[in-house]
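This is what each chain is made of:
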Amino acid sequence: MNKKNIIIIGSGITGLLANHLLKKKFNTFIIENTNNIGGLLSSIKFKDMYFDYGTHIAFKINHKKLDKILFDKLNKKEWNIFKKSVREGIYNFGRLDKNSGTLDARNLEKEKIVKAQKEILKKRQKKRFHNLHERLIHEYGETLTFNIYKKAIKKIANQGLNNITPDFLENFSIERVRLFKNNQVLNLKRKPFYNSKISYNKISDRNSPYEKYYHKKGGSINWLKQIIDMKKISLNTFVTKVQIKKKKILNIKLSNNKEIKCHKLIWSAPPISFLRMIKKKIKGVKPNSRNLLIAHLEINEKINHNLHYMTCYDTNFKIYRVTFYSNLRNDNQNKPYNLSCEIITDSNSYNEKKVINNVLKELKSMKVISSKSKLINSFISFKKSAVIIHSPESYKSFSNQIKICKKIAKNILFLGRNNFKHSLYQNLVDTYDQCSKLKN
Ligand SMILES: Cc1cc2nc3c(=O)[nH]c(=O)nc-3n(C[C@H](O)[C@H](O)[C@H](O)COP(=O)(O)OP(=O)(O)OC[C@H]3O[C@@H](n4cnc5c(N)ncnc54)[C@H](O)[C@@H]3O)c2cc1C
């Protein structure tokens, strides 16, 4: 019997996993419009070392089948494997805190801390929120909203709180805040509402049961290698035409002039790109998309702490997040000492020398590298529109776009971060579930 064709758009972890799950039962094809495999989890090889687009640590998720696919074939000798929580730090209000990466309200003046505690402990009714401002005031209170959250969010989103969707906090992992003493934290965390808002004061207080993996030479792409099937991937290729009849996609034409009969189309790219391709004009609001500029550095001095990564919410600094690869590799004795520094920016151009000099200055000023550190090598990568900040209106438009696509073509399936699955965990589980349905 002839196998049916499934065409997968995008070679990020979503597209690669979907292909891996479906390729036995169907004829699968992955179409990727850049020359990189892995999407946000692609890596750049520099000499013998890999640099990533941000902190991407492979972690088991306690899902028997997915963990088997994603971890069983890894050669354990090549990986630094750790069970304890990822060591994250934070830089905010002019100081480095190596205890935890969560926002810390315990630095506020005493009266403000007491007020913030009262506000968050106040009894409240469940509510549906229209925007992030409403949610913060209702769930966290005015003191935390204006003294802690507003500035941190401005750095990531560069938008007012009214103009951002309520789920922003979870998407950027800032839903938990440090505000209470250790014994109070343990009590509060027994209740689901407070467990989702209150953070442990030290990352070491948290028990993370899941194994985490980082390749000894770095590179999230090394994790994906076991599900990359080069024979199935067409790089630098995009869809130019879709033939739709009776609400079904029948055929797809590619930029390399190939035509493929299509039984199912899996779309891990933004829905708007499908609508544009079929020349369907719809009214709607665009999300605010920001660019990710990443300065990758190799320095001569050892990293003087054990953090895996650090997030900087201090608006006096341009750096947003730093990944310390030598600590992730558990190899801080041997050169090179390399790191990647992410900057979220609205600018489309940059002066490489200026950016690198400024990043080095900021790292020294935050004291996350030694003041004697000298640069050995550096380069910059730039991901346009990598950071999507939805407004309440753009969020509606986005889900509307998906609905319209599904009305136009019944055999399209949206997966991945472009289907509202922002965290890697949600994304993997959803891709697994949806692909399992297709197989049955
Ligand atoms: C800024 C940022 C930081 C993050 N940090 C972390 C983190 O630290 N830890 C973590 O666990 N998770 C993190 N995540 C989440 C994680 O990166 C995502 O869940 C996951 O990588 C999404 O995979 P994806 O395949 O759905 O999308 P992507 O990785 O974006 O892949 C989509 C692919 O589709 C291709 N494509 C797009 N349009 C087209 C088209 N028209 N035709 C063909 N191909 C196309 C793209 O080039 C890309 O290769 C982060 C996400 C973001 C945005």
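A quick note: this is a predicted structure, and the numbers were derived from the prediction, not measured. The numbers attached to residues start from 1 for each chain and follow its sequence in the written order. With the structure being a predicted model, the display of local features is reserved for residues of pLDDT at least 70 and the display and counting of side-chain atom pairs for 80 or more, all residues being used for whole-chain, interface and lining totals.

## Let's talk about the overall build of the protein chain
- Only DSSP runs of H or I covering at least 4 residues are called helices, and only runs of E covering at least 2 are called strands; the numbering of each starts at the N terminus. Scanning the protein chain from N- to C-terminus turns up 14 helices and 22 strands.
- Each radius of gyration is computed over the set of C-alpha atoms, and the globule rule expresses the reference value as 2.2 Å times the number of residues to the power 0.38. Computed over the C-alpha atoms, the radius of gyration of the protein chain is 23 Å, within 12% of the 22 Å expected from 2.2 N^0.38 for a compact globule of 440 residues.
- Counting only C-alpha atoms, the protein chain reaches 70 × 55 × 45 Å along its principal axes.
- Counting all 440 residues of the protein chain, 38% fall into the buried class.
- For the purpose of contact definition, each residue receives a C-beta atom placed from its backbone, and two residues are in contact when these atoms lie within 7 Å. Put simply, 71% of the contacts in the protein chain that link residues at least 6 apart link residues at least 24 apart. Residues with at least 20 neighbouring C-beta atoms inside 10 Å of their own are called buried, those with 12 or fewer are called exposed, and the rest are partly exposed, where every C-beta is derived from the backbone.

## Topic: the sheet that holds strand β16 (residues 264-267)
- One bridge is not enough; two strands pair if DSSP finds at least two bridges between them. The strand order across the open sheet formed by five strands is β12-β2-β1-β16-β22, and the pairing between neighbours is parallel. Across the chains shown, the open sheet's two edge strands, defined by having one partner strand only, are β12 (233-234) and β22 (412-414).
- Looking at chain direction, β16 and β22 are connected through three bridges and run parallel. Residue pairing for β22: Ile-266 is matched across the bridge by Leu-413.

## Some words on the domain arrangement of the protein chain
- An automatic or database domain assignment provides the domain bounds reported here. Annotation of the protein chain at the domain level lists domain 1 (5-38 + 228-285 + 391-439), domain 2 (40-100 + 202-219 + 288-389) and domain 3 (106-196).
- A C-alpha centroid distance of 30 Å is found between domain 1 and domain 2.
- On the side of domain 2, nine residues touch domain 1, which itself brings eleven residues to the contact.
- Of all elements in the fold, only α1 (13-22) and α14 (424-439) reach the threshold of two or more residues within the side of domain 1 that touches domain 2.
- A total of four residues in the side of domain 1 that touches domain 2 trace back to one element, the largest contributor, which is α14.
- Ten residue types, Ala, Val, Leu, Ile, Met, Phe, Trp, Tyr, Cys and Pro, are classed as nonpolar, four, Asp, Glu, Lys and Arg, as charged, and the remainder, Gly among them, as polar. Residue classes in the side of domain 1 that touches domain 2 are distributed as six nonpolar, five polar and no charged.

## Let's talk about the environment of Arg-128
- Within the element layout of this structure, Arg-128 appears in the loop between α3 (110-121) and α4 (132-140).
- On a C-alpha basis, the gap between Arg-128 and Lys-407 in space is 28 Å, while along the polypeptide they are 279 residues apart.

## Some words on the nonpolar core
- To form a nonpolar core, buried Ala, Val, Leu, Ile, Met, Phe, Trp, Tyr and Cys residues must be joined through C-beta atoms within 7 Å. Counting 96 residues, the largest nonpolar core has Ile-7, Ile-8, Ile-266 and Trp-267 as the members making the most contacts within it.
- Among all residues touching Ile-7, those that are not within four sequence positions of it are Phe-29, Ile-31, Ile-252, Ile-260, Cys-262 and Leu-265.

## Quick word on the site of the ligand
- Lining the immediate surroundings of the ligand are 28 residues, of which Gly-10, Gly-12, Gly-39, Ala-269 and Gly-416 lie closest.
- Top contributing element to the shell around the ligand by residue count: α1, with three residues.
- Among the residues making up the shell around the ligand, the classes are represented as eleven nonpolar, 15 polar and two charged.
- Residues lining the shell around the ligand come from more than one domain, with at least three contributed by each of domain 1 (5-38 + 228-285 + 391-439) and domain 2 (40-100 + 202-219 + 288-389). Any residue qualifies as near a molecule or strand once its backbone-derived C-beta atom lies within 6 Å of it.

## Here we look at helix α12 (residues 352-365)
- Any helix carries an expected span of 1.5 Å times its number of residues minus one. Given a rise of 1.5 Å per residue, 14 residues ought to cover 20 Å, and the 20 Å separating the end C-alpha atoms of α12 matches this to within 8%.
- Of the residues making up α12, those classed as buried are Val-359, Glu-362 and Leu-363. Burial along α12 is one-sided: seen end-on, the buried residues are contained in an arc of 100°. Those residues of α12 that are exposed and angled more than 90 degrees off the buried face are Lys-353, Lys-354 and Lys-361.
- On the buried face of α12, the contacting elements are β17 (288-299) and β20 (337-345). This arc is built from the directions going out from the helix axis to the C-beta atoms.

## A look at the packing of α4 against helix α5 (residues 142-157)
- Lines fitted to C-alpha atoms define the axes here, with helix axes fitted over just the stretch in contact, and angles between the N-to-C directions of these axes take values from 0 to 180 degrees. Where α4 meets α5, the axes come as close as 7 Å, and the angle between the chain directions of the two elements is 125°. Viewed along their axes, α4 and α5 adopt a mutual orientation that is oblique. For the pair α4 and α5, contact is made by Leu-136, Ile-137 and Tyr-140 and by Glu-142, Leu-144, Thr-145 and Tyr-149, respectively.
- Split into classes, the residues belonging to the contact of α4 with α5 amount to five nonpolar, one polar and one charged. Under this scheme an angle from 65 to 115 degrees is roughly perpendicular, one under 35 degrees roughly parallel, and one over 145 degrees roughly antiparallel; angles in between are oblique.

## Some points on the packing of α3 against α5
- As a packed pair, α3 and α5 sit with axes 7 Å apart at the nearest point and diverge in direction by 125°. Overall, the two elements α3 and α5 adopt an arrangement that is oblique. The residues of α5 that touch α3, namely those facing Lys-112, Lys-115, Ala-116, Glu-119 and Ile-120, are Glu-142, Thr-143, Leu-144 and Asn-147.

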